Amino acid sequence: MTEEEQVVGLVPKCKLVCQGAEGRVFETRYFKRRAILKQRFDKMYRHPILNKKLTRQRLGMEVKGMMKARKLGIRTPTVLLVDTETNSIIMDRVEGITVKDWLRKGKYTEEELGRVLSAIGTQVAAMHDGSLVHGDLTTSNIIVREPSLELTFIDFGLSFNTVAQNGPEDKGVDLYVMERAFLNAHADKPGLFDKALEAYSQKTNQWKSTFNRYSEVRMRGRKRSMVG
Amino acid sequence: MASTETITFESHPGWTLQARFFRDVTNAEEVGNLIVAGKLPVKTSVINAKLVPDVLPLYAAGDKTLRAHKSQKGLTTRTLGSELVFNLSGSKHIREALTKFGVKSKDCTSVILAWFEKEGEMEEEGGDVSGLVKGSAGAMADLASAADIAEVRSHYNITDEELSTSSLTDCVVFRIGAKDFLDKKSGK
Amino acid sequence: MGKPTICMGFEGSANKIGVGIVTSDGDILANPRKTFITPPGTGFLPRETALHHQQVIVPLVQECLKEANLTPKDIDCLAYTKGPGMGAPLVSTAVVMRTLAQIWKVPIVPVNHCVGHIEMGRLVTGAVDPIVLYVSGGNTQVIAYSEKRYRIFGETIDIAVGNCLDRFARVLGLSNDPSPGYNIEQLAKEGSQYIEMPYNVKGMDVSFSGILSFAEDTAVKLLKKGTATKADLCYSFQETVFAMLVEITERAMAHCNTQDVLIVGGVGCNKRLQAMMKIMADERGGKLYATDERYCIDNGAMIAWPGLLAFGQGDTIPVEESTCTQRYRTDDPVINWRDD
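A brief look at the structure comes next. Here the residue numbering is sequential within each chain, running from 1 through the sequence in written order. Chains carry letters and ligands carry numbers; both start at the beginning, A for chains and 1 for ligands, and go up in the order they are written. Local features in a predicted model are, by the rule used here, given only for residues with pLDDT of at least 70; side-chain atom pairs are given and counted only at 80 or more, and totals for whole chains, interfaces and linings are based on all residues. Heavy atoms throughout the structure, all of them, feed into the side-chain values; hydrogens and water do not.

Quick look at the interface of chain B and chain A now. By definition in these notes, contact holds between two residues if any of their heavy atoms fall within 4.5 Å. With 30 residues of chain B in contact, the opposing surface of chain A contributes 31 residues. For the chain B face of the interface with chain A, the top three residues by lost area are Glu10, Phe174 and Phe181 of chain B, together amounting to 31%. The closest approach of N and O atoms between Arg67 of chain B and Asp83 of chain A, which form a salt bridge, is 3.4 Å. The definition of a polar contact used here is a pair of N or O atoms within 3.5 Å, where within protein one atom must be able to donate a hydrogen and the other to accept one, and adjacent residues in sequence count solely through side-chain atom pairs. In this structure, the connection of chain B to chain A is made through 15 residue pairs in polar contact (both at pLDDT 80 or more). Helical segments are the DSSP runs of H or I of at least four residues, strand segments are the runs of E of at least two, and each set is numbered from the N terminus. Secondary-structure elements contributing two or more residues to the side of chain B that touches chain A are α2 (56-70), α7 (160-165) and α8 (168-177) of chain B. Among the elements that line the side of chain B that touches chain A, the one with the most residues is α2 of chain B, at seven residues. Basically, the charged four are Asp, Glu, Lys and Arg, the nonpolar ten are Ala, Val, Leu, Ile, Met, Phe, Trp, Tyr, Cys and Pro, and anything else, Gly included, counts as polar. Grouping the constituent residues of the side of chain B that touches chain A by class yields nine nonpolar, eleven polar and ten charged. Here's the idea: put two parts together, see how much 1.4 Å probe accessible area each one loses, and the total over both is what we call buried area. The rule for a salt bridge is simple: a side-chain nitrogen of Lys or Arg has to be within 4 Å of a carboxyl oxygen of Asp or Glu.

Let's shift gears to the pattern of salt bridges. Scanning all chains against the criterion turns up 44 salt bridges over all chains. Between Arg272 of chain C and Glu239 of chain C there is a salt bridge, with the nearest N and O atoms lying 2.7 Å from each other. With a gap of 33 residues between them, Arg272 of chain C in helix α8 (residues 271-283) and Glu239 of chain C in helix α7 (residues 230-256) connect regions that are remote in the sequence. Through salt bridges with shared partners, a single ionic network connects Glu22, Lys38, Arg40, Arg46, Arg58, Glu62, Asp136 and Asp155 of chain A together with Glu247 and Arg251 of chain C.

Turning our eyes to something else, we now look at helix α3 (residues 110-129) of chain A. Residue and element names in this part refer to chain A. In a regular helix each residue adds 1.5 Å, so 20 residues correspond to 28 Å; α3 covers 28 Å between its end C-alpha atoms and thus fits that length. Three labels apply to residues, based on accessible area from a 1.4 Å probe with only protein chains included: buried if under 20% of the type maximum, exposed if over 50%, partly exposed otherwise in between. For α3, the set of buried residues is Leu113, Val116, Leu117, Ile120, Gly121, Gln123, Val124, Ala125, Ala126, Met127 and His128. Elements that come into contact with the buried residues of α3 comprise α2 (99-105), β8 (132-133), β9 (142-145), β10 (150-153), α4 (167-185) and α5 (192-203). Once α3 finishes, Ser131 follows within two positions and takes phi at roughly 65 degrees, a positive value. The span one expects for a helix is its residue count, reduced by one, times 1.5 Å.

What makes a disulfide is a covalent bond joining the sulfur atoms belonging to two cysteines. A pair of cysteine sulfur atoms is labelled a disulfide when the two atoms are within 2.5 Å. Per the stated rule, a full pass over the model turns up zero disulfides over all chains. Distance from the sulfur of Cys114 of chain C, which forms no disulfide, to the nearest cysteine sulfur (Cys324 of chain C) is 14 Å.

Counting residues at the interface gives 49 residues for chain C, matched by 34 residues for chain A. Overall, the association of chain C and chain A removes approximately 3,600 Å² of surface from exposure, summing both partners, and the carbon and sulfur fraction of that is 52%. Here Glu247 of chain C and Arg58 of chain A are joined by a salt bridge, their closest N and O atoms 2.8 Å apart. Counting the contacts that link chain C with chain A gives ten residue pairs in polar contact (both at pLDDT 80 or more). Mapped by element, the contributors of at least two residues to the side of chain C that touches chain A are β9 (149-155), β10 (201-202), α7 and α8 of chain C. The element contributing the most residues to the side of chain C that touches chain A is α7 of chain C, with ten residues.

Attention now goes to the sheet that holds strand β3 (residues 23-30) of chain A. Read from one edge to the other, the open sheet built from six strands follows the order β1-β2-β3-β4-β6-β5 (chain A), with strand pairing classed as antiparallel. Edge strands, defined here as strands with exactly one partner in the open sheet, are β1 (5-8) and β5 (79-83) of chain A. Within the sheet, the average angular offset between the axes of one strand and its neighbour, ignoring direction, is 35 degrees. By definition, two strands form a pair when at least two bridges between them are found by DSSP. Summarising the sheet, strand β2 (residues 11-19) of chain A and β3 of chain A pair through four bridges and their orientation is antiparallel. Within the sheet, the bridge partner assigned to Lys15 of chain A lies in β3 of chain A and is Glu27 of chain A. In the packing of helix α1 (residues 48-71) of chain A onto the sheet, the strands contacted are β4 (33-40), β5 and β6 (88-92) of chain A, and the crossing angle to β6 of chain A comes to about 20 degrees. Across the face of the sheet, α8 of chain B comes into contact with β4, β5 and β6 of chain A while running at roughly 5 degrees to β5 of chain A. Throughout, an axis means a line fitted to C-alpha atoms (over the contacting stretch in the case of helices), and angles, computed between N-to-C directions, take values from 0 to 180 degrees.

Residues and elements named next belong to chain A. With antiparallel pairing, the three strands of this open sheet are ordered in space as β7-β9-β10. Each of the sheet's edge strands pairs with one partner strand only, and the pair in question is β7 (97-98) and β10. Bridge count for β7 against β9 is two bridges, and the pairing is antiparallel. Across the sheet, Ile97 pairs through a bridge with Val144, a residue of β9.

Here two pairs of chains are in contact, and chains A and C lead that list by number of contacts. A gap remains between chain B and chain C, with no contact made and the closest C-alpha atoms lying 21 Å from each other.

From the geometry alone we can't say anything about function, so treat these as descriptive.
Below is the structure:
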């Protein structure tokens, strides 16, 4: 093993790729395939009971969310192993780059941009119609593979199944989170989210109720009385 | 002589899972009875190959088995051999797993023989019981063609939508690796 | 090298009214403030709050000048909170400012209340470009500076954390003196049992309506049954709500690749929140910047200082334009004085 490689639990040769807010991501080999090991941290600022509950819950939600997405025809990484001892998930390494990086690089045609945004909208609609809310729809959580422009969704740690009556609110919020994510990461390219939303509206069965709620959530930021 | 696939595990240096594929097996029922009678070595499994589309599920099941073996909690079943089959099934029900993936009935004609070996451990009873199986040697590469895709899909509850996103093997491996977090039948 | 410019700032957007004097060297010469406190179990309403402000503001201006040892002739400009906030109190404060501007014949600078908190935090702590968590009765935002604006990365999708704490205090019947949040903080120190409460992070945003409903039903039931004390509930409430804030702050930090964090706003006084945020910042190899109740809580100096910064850029307005607005987003004003 080189110096940059670590052992995580029982898995050797893990190379740290990034350290996000939630945890660490390593590259490694598993079952002879290129794999990613995602390990969640214990957060020392949290009360231990809360920490344990959240970490375990998110581990579970990530796995369940990915399975549910697949059943709705959405591509996700393949889970190879879940290790509760180290709070890690080992999954297939998805080929491609994040949509965030793809947009930043800017080496696409108008047509390709349209296809990718449309696919994002359509697939989020498929998730929502299947009562799956991703919970963290940012452009860093969607991988695009070139040249096919095939999309893979990742990071389902905040995902959940929405219960009937909360549906419109949960979906509206999910869309709002995505809109803000586009605005914050790609301030120089306005209109991206609108294209994705357009495709979403075409695909979903529940546009009216979701759109109403989404509009309301959007205005809350503007309308809040902001006293104090 | 059947070619033996040696599966090594990144997390378990020194351990291997040896696997051999047999087709046109005529005495599956007999072998199955030996298992039930406890007459096979503890590290050996005899698996119904119809339900195994690739070597990868064996990796996944083998890895989980060895992890359980090393853990404080230990195995869920009694032996490494049965644990392998239990994990392969992606099910939480031991009896169901052993029944479906085992080789009890006459119409089981393709069989995978798999046994764990640990470097440096010489046992009187080696795991290799190939001599017991009456069938012709196949290559592990033939697993895909020997598998009954409809049965695999039915057992693991793999839908068309899922297959549009991922290979059959990957769908199976997901259920093996994530078993403890998924609901039993629906794999939700 | 001339003599430094001096600004008097007026803040009265909620139940605190403050008048402060700051010099362009960053010296805070005076910063008196008065708070309108209502009886336990009640919150403050616009009309009574405005009346309170009207009663105390003129003496407050006099006190401010006296403390700074200055006369009106020394004041170079007046800054005031244009918004956001409660209508009547904002306007009551602005009316006095406008009158003085005309009597003293000095220019006027409008200031965004949120920007006031941020710039004051930067001045007092020395933080250069941190992620800012702005938490108060009316606001819960995670802010990062980029290209001449304070951009909102994460925020509450329903109520502000301060509002949530205030309402929780009301449910428990705690006193509003000196503030409900302060009393929750003190009582929490006596709590020992951790009671699980709804935790709601949605991407970079948070939602507090779930935990508030929980507090309003379940917490009350637990108190009646005797299974939990008020202290336990305060303790658990803080641990949960603050963990949510730390989480969204950390997400923004990871996203922007910043390791330092500055907490501003009334809820920023809370020592437990500061402690939890510090643990997170330390783990990331960054620093926590926080101020004390002089500057966390709404005050006049926090309006005077950015007022001066804007004045330095020539951003004054005529009296006719010195209006107020209840809704004024943190990312609306252009931050002219920053070059980075």
